[in-house]
Structure formats: C-alpha cells, structure tokens
Amino acid sequence: MRILVSNDDGVFSPGILALVRLAQEFGEVRAVAPDVEQSAMSHAITVRTPLHYQRTPIDGVEAYRVDGTPADCVALGAHHWEGVDLVLSGINLGLNIGHNIWHSGTVAAAKQADFLGIPAIAFSAPYTDDVPDYGIYERYVRDIIAMFLELPETPLLNVNFPDAPRGLRWTRQSVRHYEGMVVPGEDPMGRKHYWFSEKPRREAEDGTDRWAVERNLVSLTPLRLDLTDDGALARAQAQLDPAT
Ligand code: MN
C-alpha cells in the first residue's frame, strides 16, 4: 500500500515524523509537505506562481518539500507517485474542531486527496509549547488507520486527540457557536493593526467534536466535500419550484 503523508506545519515538523513512523507499519510511505508552516491556509491552491518539488529525506524517509499550500502538496505528491492508496495529514500542532475545520490546512490536505479519489485522514492534537508526546497517541493512530481501511464508504475522516485519550467516539462537527473575533491593537509606530482571536468557549453540544475532546475522547468526524444543505434544498424545492 502506498501512503502519502502531508501536513500544514511544514515538512520538518515533529508531528509529520510521528505520523510517518506509524504509517510505515501499513505500507510504503512518502512525505510531501510545505517547506514552511502553512497553518490556516485552508484549501488554498497556488495558481499564479510555479511550484517546486524538492527531495528532502527526513530521518531516512523519502520526503519532498513544496513551496506551496497543503492542498498543493497532496496534488503534487499524487502526481509524482502513481497509485497512492491513502493520504494521512498531520499530526497537526493544534486542534481542528468546529469552525476551525474550515480554516485548517491539515484538513484541506485530506480534502484534496478526497477530490482526487484517494481516502484520507486528518490528525490533530492540542497545541503545546513543548514538543508534544506523540507516544500517547500511537496506539490510537494505529487503530484508527486499521479501522478506516475497513470503511470504504467513509473516505474522509477528521481525527482530533484530547490531552489524555481514554477512548474513541464518532462525532459531528460543532459549528453552532462561532468563536472567531477581531481584536484591534496598535503597533509601536502608532499604526492600527488587528488580530484574529477567539471568544471564550460556550458549552459544546452533545456528540460533537469539541464535546468529545473535552471529555478526553478521541473525536472521529466523517467529512464530505459536498457542501449542499440537503434539508434547505428540499425545503426550497417544496416552497418554490423554479421549473414551474
Ligand atoms: Mn498547523
């Protein structure tokens, strides 16, 4: 099995090395990742400048760095390596739950794989200033990859680890409470500037990704590329049929 590993923290991130090591238990592994951090780039692609695909072995593993986004990396990686069976993204330094799934480059790398017809899992863990201890996630990553390979009808999976995992839970994305906010400030020259920040969290809805992580459960959320709101579509069609 050919496994392409990517991320948005950059090819030299400790998280990608941890994921590569575990992926090697399942097949042949190649890492293709951004040359610098591309967090919060979401599903951006590079269309106005050329991209470079440069060999950069990491700790003896075949790896390539790309001067582009996570989605670029997966597209180029799949182009250069025919027959990729599985794409793994992460392990991201920082959770990708709730509305952050929309901003995440880690998740976008997995989405890009799904666009190309390749099953993919995105892995994220809580942010820490120290090098994270990926050892506590190892057996869960193994179990999740093995389980995922048995679920062909679930081609895109978003996984988030709590600080101290005690089990796995299927969840849905929590987006009811958007937490993003703009905080104005001033630089030393007196010029105004702005930071994106987050409001304090309100209680998460039962069964969501945030709910699970707050209870030390590993959150497993199946995602899809089709953004259509099926309920709204059905209601709109029932209320107003443009064809009549
Ligand atoms: Mn990141």
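Notes on the structure in this doc start here. (Residues numbered from 1 in each chain as written. Predicted model: local features only at pLDDT ≥ 70, side-chain atom pairs only at ≥ 80, totals over all residues. Heavy atoms only, no water.)

On to the pattern of salt bridges, then. Applying the stated criterion to the full structure yields seven salt bridges. Across the salt bridge formed by Arg-224 and Asp-230, the nearest N and O atoms sit 3.5 Å from each other. The network of salt bridges with common partners includes Glu-25, Glu-138 and Arg-142. (Salt bridge = Lys/Arg side-chain N within 4 Å of Asp/Glu carboxyl O.)

Listed in full, the buried residues belonging to helix 5 (residues 138-148) are Tyr-140, Val-141, Ile-144, Ile-145 and Phe-148. With its buried residues spanning 130 degrees around the axis, helix 5 presents them on a single face. For helix 5, the elements touching its buried residues are helix 1 (14-23), strand 5 (86-93), strand 6 (120-125), strand 7 (156-160), strand 8 (168-170) and strand 11 (218-222). (Buried < 20%, exposed > 50% of the residue type's maximum accessible area, 1.4 Å probe, protein only. Helix = DSSP H or I, 4+ residues; strand = E, 2+ residues; numbered from the N terminus. Arc of directions from axis to C-beta. Contact = heavy atoms within 4.5 Å.)

Moving on, we come to the sheet that holds strand 2 (residues 28-34). Across the sheet, which stays open at both edges, the nine strands sit in the order 3-4-2-1-5-6-7-11-8 with mixed pairing between neighbours. In this open sheet, the two edge strands, each paired with only one partner strand, are strand 3 (53-55) and strand 8. Strand-to-strand twist in this sheet, taken as the mean axis angle between neighbours without regard to direction, amounts to 20 degrees. Bridge count for strand 5 against strand 6 is five bridges, and the pairing is parallel. Residue pairing in the sheet places Leu-93 in a bridge with Ala-125 of strand 6. Its contacts with the sheet put helix 4 (residues 105-115) on strand 1 (2-6), strand 5, strand 6 and strand 7, and the angle it makes with strand 6 is roughly 175 degrees. Against the sheet, helix 5 touches strand 5, strand 6, strand 7, strand 8 and strand 11, its axis set at about 160 degrees to strand 6. (Pairing = 2+ DSSP bridges. Axes fitted to C-alpha atoms, helices over the stretch in contact; angles between N-to-C directions.)

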